[in-house]
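# Structural overview for review
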Amino acid sequence: MSTSISELPVAVLGAGPIGLAAAAKLIERKLPFFILEAGDAVGANLLDYGHVRLFSPWQYNVDPTMAKLLEPTGWTHPPLTELPLAGEVAERVLQPFAELPEVAKVLHLRTKVLHVSREGFDKVKSKGREAAPFVIRTVHDGRPFELRARAVIDSTGTWNTANPVGASGLPAIGEREAAGHIFYGIPDILRRHRPRYEGKKVLVVGAGHSAANSLLLLADLAKQTPATKLVWSVRTPVLTRVFGGGSADALPARGALGSSLRRLRDTGALEFNAGLRITEISQEGGKLLVSGVDRDGQPKHIDGVDEIICATGQRPDLALTSELRVKLDPWLESTEALGPLIDPNEHSCGTVRPHGHRELAHPEPGLYTVGVKSYGRAPTFLMATGFEQARSVVAALAGDIEAADRVELDLPETGVCSSSGSATDGAEGGSCCGVSAAEVAALPLPTVKKGCGSSAKQPAPAASCCGGPPKVDESACCVKDETAKAAGAQGCGCN
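Residues numbered from 1 in each chain as written. Predicted model: local features only at pLDDT ≥ 70, side-chain atom pairs only at ≥ 80, totals over all residues. Heavy atoms only, no water.

## Comments concerning the overall build of the chain
Quick note on the threshold: Comment: elements are numbered from the N terminus, with helices defined as DSSP H or I runs of at least four residues and strands as E runs of at least two. Contacts were defined at the residue level, with two residues in contact if any of their heavy atoms lie within 4.5 Å. All accessibility values rest on the Shrake-Rupley procedure with a 1.4 Å probe; residue burial counts only the protein chains present in the view.
If you tally the helices and strands in the chain, you get 15 helices and 16 strands. Once local pairs closer than 6 in sequence are excluded, the contacts in the chain between residues at least 24 apart make up 68%. Of the accessible surface of the chain, which amounts to about 21,000 Å², a share of 53% is contributed by carbon and sulfur atoms.

## Observations regarding the packing of aromatic side chains
Rules: Only centres within 6.5 Å qualify two rings of Phe, Tyr or Trp (six-membered ring in Trp) as a pair; their planes then separate them into stacked at under 30 degrees, edge-to-face at over 60, and tilted for everything else. When accessible area is computed with a 1.4 Å probe and restricted to protein chains, residues below 20% of their type maximum are described as buried, those above 50% as exposed, and intermediate ones as partly exposed. Here, over-ring charges are defined by two tests on the NZ atom of lysine or the CZ atom of arginine: distance to the ring centre within 6 Å, and angle to the ring normal within 35 degrees.
Taken as a whole and judged by the stated rule, the model has three aromatic pairs. Taking 4.7 Å as the distance between ring centres and 45° as the angle between the ring planes, the aromatic pair formed by W232 and F272 counts as tilted. Pair noted here: W232 is in strand β10 (residues 229-234) and F272 is in strand β11 (residues 271-274), with a separation of 40 residues, a long-range link. Its relative accessible area of 0% is what places W232 among the buried residues. Here Y375 and F381 contribute two aromatic rings whose centre-to-centre distance is 5.2 Å and whose plane-to-plane angle is 80°, an arrangement assigned as edge-to-face. Exposure remark for Y375: the relative accessible area of 2% places this residue in the buried category. Residue class for F381 comes out buried when judged on its relative accessible area of 18%. A cation over a ring is seen here: R118 above F134, with NZ or CZ 3.9 Å from the ring centre. Sitting over the face of the ring of F121, K125 holds its NZ or CZ atom 4.7 Å from the ring centroid.

## Points about the nonpolar core
The line we're drawing: As used here, the term nonpolar core means buried Ala, Val, Leu, Ile, Met, Phe, Trp, Tyr and Cys residues forming a set that is joined through side-chain atoms within 4.5 Å.
Grouped together as the largest cluster of nonpolar side chains are 73 residues, with contacts concentrated most on L13, I35, F97 and I136. When neighbours within four sequence positions are excluded, I136 is seen to be in contact with A11, L13, F34, L36, V113, H115, V116, F145, E146, L147, A149 and V152. With 21 residues, the next largest nonpolar core counts A212, L215, L218 and L221 among its residues.

## Some remarks on the side chain of Q389
Mapped onto the elements, Q389 comes out in helix α12 (residues 383-397). Once you skip the residues sitting within four places of it in the chain, Q389 turns out to touch L338, H355, L360, V370, G371, S374, Y375 and F381.

## Regarding the confidence of the model for the chain
Where the model shows low pLDDT, its predicted coordinates should not be examined in detail. Here is the rule we go by: As a per-residue measure, pLDDT reflects the predictor's confidence and takes values from 0 up to 100.
When pLDDT is averaged along the chain, the result is 81; 76% of the residues meet or exceed 70. In the model, residues 415-495 has pLDDT below 50 throughout and makes 177 contacts with residues more than four positions away in sequence or in other chains.

## Brief notes about the sheet that holds strand β16 (residues 367-369)
To be explicit about the condition: Strands are treated as partners if at least two bridges between them are detected by DSSP. Axis lines are fitted to C-alpha atoms, over the contacting stretch for helices. Their N-to-C directions set the angle, which ranges from 0 to 180 degrees.
Read from one edge to the other, the open sheet built from five strands follows the order β3-β2-β1-β7-β16, with strand pairing classed as parallel. For this open sheet the edge positions go to β3 (107-108) and β16, each flanked by a neighbour on one side alone. Note: strand β1 (residues 10-13) against strand β2 (residues 33-36), four bridges, orientation parallel. Within β2, the residue paired with A11 across the bridge is F34. Sheet strands touched by helix α1 (residues 17-28): β1, β2 and β7 (151-154). Its angle to β2, the strand with the most contacts, is close to 170°.

## Brief notes about empty space enclosed by the protein
Using the following cut-off: Using a 1 Å grid laid over the protein atoms alone, points where a 1.4 Å probe fits but cannot get out form a cavity; open sets with protein on both sides within 12 Å along at least 5 of 7 lines form a pocket; any residue with an atom within 4 Å of a point counts as lining. Grid points are joined across faces, edges and corners, and a volume is the space filled by probe spheres set on the points.
Scanning all chains against the criterion turns up three cavities of 30 Å³ or more. Space inside the largest cavity adds up to approximately 100 Å³. Lining of the largest cavity is provided by 15 residues; of these, L318, T321, L328, T369 and K373 occupy positions nearest its centre.

## A closer look at unusual backbone geometry
Here the phi dihedral of K30 falls at roughly 60°; this positive angle occurs in a residue that is not glycine. Here K30 is to be found in the loop between α1 and β2. If you check the backbone angles, D141 has positive phi at about 50° while not being a glycine.

## Quick word on the pairing of strand β5 (residues 134-140)
Here seven bridges tie strand β4 (residues 111-118) to β5, and the two strands are oriented antiparallel to one another. Across the sheet, V113 pairs through a bridge with T138, a residue of β5. Here seven bridges tie β5 to strand β6 (residues 143-149), and the two strands are oriented antiparallel to one another. Bridged to V135 within β6 is R148. Where β5 hands over to β6, the hairpin turn is made up of two residues, of which D141 adopts a positive phi near 50°.

## Focus on the pattern of salt bridges
Opposite charge on two side chains lets them pair, provided their charged atoms get close. Quick note on the threshold: By definition here, a salt bridge exists when the distance from a side-chain nitrogen of Lys or Arg to a carboxyl oxygen of Asp or Glu is within 4 Å.
Taken as a whole and assessed by the stated rule, the structure comprises 18 salt bridges. As a salt-bridge pair, E364 and R118 come within 2.9 Å of each other at their nearest N and O atoms. Taken together, the residues E364 in the loop between α11 (357-360) and β16 and R118 in strand β4 connect sequence positions 246 residues apart. Relative accessible area serves as the criterion here: at 0%, E364 is assigned to the buried category. D188 is the partner of R191 in a salt bridge, and the nearest nitrogen-oxygen pair spans 3.6 Å. When its relative accessible area of 54% is taken as the criterion, R191 is described as exposed. Put simply, R118, R129 and E364 are held in one network by salt bridges that share partners.

In structure tokens form, the structure reads like this:
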């Protein structure tokens, strides 16, 4: 056992795309590390919904450093503009990368992390804390053991900690008892899970891309088996973000997903319940009775339900680091500094200001949260964001603060932005700025590459999400006033 913390390796928790991207950066920086993965294979969460086609093309789903390390093996980059299945990202990129000798020798599969702490220190004790190694308590094939590390990169994700059907953040009354009839995530409706849904009345709960995927697959199943009945329930009565930005979305497949969902609703192919907050699930005669209140606070019931697909999002597992000093946004449970930038209550531009190691760190020195877990409960994470996070964090661990602070983040806008309840169901086809794409292009934003996107020319803390001076509320990203816009005001969202 090494007695110097500086001689210890970095612990990477999770072997998904962001964890392995961090591993690639550590190899590039020649820093020792190990990877702990609870699943049987790398990319286990991607494989769980491997049948789902992603709306972002390959250009956003392959970390450049991973690609660079793979190329000498004869590996070829998938076509940049093609849309991969989730499983293909694992099979064509992550698995070949995991087979590289420098990765395979430090990769521990079927190794679940239970807790992370400081050796000899609980959360309260301070003196000498920074010099104490991290202790990672794990279990491998039923056997517990501990590992020591100089730093921890937590990329464990949120996929396995789903939000409940219940609308108050708690499971609905009876939800646990009905668990045998509830699928959390995105089932393989047309293949593996087909017998579960064919000819059944299926309720899909949720307003995001996961719900949209399930509803469209169920619609295909209903065409083949007309006895299949679709019911859709969303908590919000305002549907702009549900249907997305359509043709204004910089990722065409993402825009098409929302547009297809809108058409499905408009054709009457499903029973639609907007503004329904589910409070109870009871079982009657082998069927489920789903009860709640509508947008006006009146009781509402959906009876005769056979199966529920819960697509209400995920939340981070906070127990993992409960003995460490973490600082989280109080409602999103993201890293604190990211909260105002990604809060879906304020905006949904699909982009955030450039961010890196400083926004991903905690009061616990050496602890970083990256990937979708860094966003907490916010639903707007893109894989490309995580690759850049990993680069910045590893540069900081290597002592290259200049490179760590030089964060470059350029993400495709969603084509829709809502704030303070200003979005309406009828809005479609605008940019994330609430004006047309042509108007955005005409704005004096020489350092902005894509609408609300950001560029390397932006100074990280001082710029708004469009490269202009921030407003009083720096999370705001909009110029709605035409006079102000004509005068050169820069910004691009809807506050």
